[in-house]
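# Overview (structure and organization)
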Amino acid sequence: MEERPYRSASGAPIALRCRQHSASCRELVVRCPRLQLRSLSAVTSAVWLAAYALFVLSENSMVLSAAIFITLIGLIIYLHFVKIDQESLLVIGSLGIQVTSSYASGKESTTFIEMGQVKDVVINEAIHMQKVVYYLCILLQDPGDPQGVSEVVPLFQSSKPRLDCLIEVYRSCQEILEQRKTALQSS
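Counting of residues starts from 1 at the beginning of each chain's written sequence and follows it residue by residue. Given that this is a predicted model, residues contribute local features only at a pLDDT of at least 70 and side-chain atom pairs are listed and counted only at 80 or more, while totals for whole chains, interfaces and linings are drawn from all residues. Derived side-chain values reflect all non-hydrogen atoms in the structure, with water molecules and hydrogen atoms excluded from consideration.

Per the convention used, a helix needs a DSSP run of H or I reaching at least four residues, while a strand needs a run of E reaching at least two, with both numbered from the N terminus. A count of helices and strands for the protein gives three helices and nine strands. Using C-alpha atoms as the atom set, the radius of gyration is obtained and then compared with a globule rule of 2.2 Å times the number of residues to the power 0.38. Here the C-alpha atoms of the protein give a radius of gyration of 22 Å, more than 25% beyond the 16 Å that 2.2 N^0.38 yields for 187 residues. Along the first, second and third principal axes, the C-alpha set of the protein runs to 80 × 40 × 35 Å. For the protein, the proportion of its 187 residues judged to be buried stands at 30%. Expressed as a percentage of contacts within the protein between residues at least 6 apart in sequence, the contacts between residues at least 24 apart total 43%. Accessible surface computed for the protein: about 11,700 Å², of which carbon and sulfur atoms make up 58%. We treat Lys and Arg as the positive residues and Asp and Glu as the negative residues; His and chain ends play no part in the count. Here the site of a charge means NZ on Lys, CZ on Arg, CG on Asp, or CD on Glu. Across the protein, 17 positive and 17 negative side-chain charges occur, with their mean positions spaced 6 Å apart. Buried, partly exposed and exposed residues are distinguished by accessible area as a fraction of the type maximum, computed with a 1.4 Å probe on protein chains only: under 20%, between the cut-offs, and over 50%, respectively. Only heavy atoms matter for contacts: two residues are in contact if any of them lie within 4.5 Å across the pair. A 1.4 Å probe and the Shrake-Rupley method give the accessible areas. Residues count as covered only by the protein chains that appear here.

Now for the packing of aromatic side chains. The pairing test for Phe, Tyr and Trp rings, Trp by its six-membered ring, is centres within 6.5 Å, and the orientation test on the planes gives stacked under 30 degrees, edge-to-face over 60, and tilted for anything in between. By the definition in use, this model includes zero aromatic pairs. Here, over-ring charges are defined by two tests on the NZ atom of lysine or the CZ atom of arginine: distance to the ring centre within 6 Å, and angle to the ring normal within 35 degrees. Of note, K107 hangs over the ring of Y103, and the distance from its end group to the ring centre comes to 4.6 Å.

We now examine the sheet that holds strand β9 (residues 149-154). As summarised here, the arrangement of the three strands in space is β7-β8-β9, forming an open sheet in which the pairing is antiparallel. The open sheet has two edge strands, β7 (118-127) and β9, and neither has a second partner. On average, each strand axis in the sheet is tilted by 35° relative to the strand beside it, whichever way the strands run. Here a strand pair is declared whenever DSSP counts at least two bridges between the two strands. Direction of pairing for strand β8 (residues 132-141) relative to β9: antiparallel, over a ladder of five bridges. Within the sheet, the bridge partner assigned to I138 lies in β9 and is V153. Angles here are taken between N-to-C directions and fall from 0 to 180 degrees, while the axes themselves are lines fitted to C-alpha atoms, restricted in helices to the stretch in contact. Against the sheet, helix α3 (residues 163-186) engages β7 and β8, with an angle of about 165° to β7.

One open sheet accounts for six strands, arranged β1-β2-β3-β4-β5-β6; its pairing is antiparallel. Every other strand in the sheet has two partners, leaving β1 (2-7) and β6 (108-114) as the edge strands with one partner each. For this sheet, the mean inter-axis angle between neighbouring strands, taken without regard to orientation, is 15°. Pairing between strand β2 (residues 13-22) and strand β3 (residues 25-31): seven bridges, direction antiparallel. The residue of β3 that forms the bridge with R19 is E27. Packed onto the sheet, α3 meets β1, β2, β3 and β4 (84-92) and runs at close to 165° relative to β3.

Structure below.
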C-alpha cells in the first residue's frame, strides 16, 4: 500500500493510495484535503458578526437566532451532501467495479458496475473555460449493439485529479481488464 501525492485540477493537494489485494483485484483511493477548521471558523464568524451588526441596528433577537440556525443547517448540509473526503475505485476482474464516495459526515455512496457491462475504462478530455480538463470514465456496453456505448460513467468527480494521477489509475484498471480479456479468450 503506497500513497503518492498529486494535485487536483484546481491545484489542491490530493493523494492516491493503491492497494493490490490480488492479481485481479485493486483498490485505488483518491483522498482530498480534509475540511480546515480555520476556514470553517472564519466563515462562521463572518456570518455571526454580520448577524450581530444587524441585531444592533434592528434590535431584533430573531436575527441572531436565525443566523445561528441557518449556519448550523448549512454546515450539516455541506458536510453530509457536498464535502467528499475520498473517492475509491475497487476493480475486481471477475466481478466488477465498485465506485465509492465518502463524505465528511461519514456517509458513503456506493455504485457497483458488473464487469459484463464494462466496455472499457478511458481518459476523456473536455474543454472548460479555455482549459482542457481530463477525467477518467467507464464506458458501459450497449446490450443491443456490442460495438456501441450505452452510458459513460465519470469517476473522481469531486477530487478532479490531474492527468498524471489519472494515468496511474488508468494503467492499473487496464492491467486488470487485459487480464480478464486474456482469461475469456483462453477459455
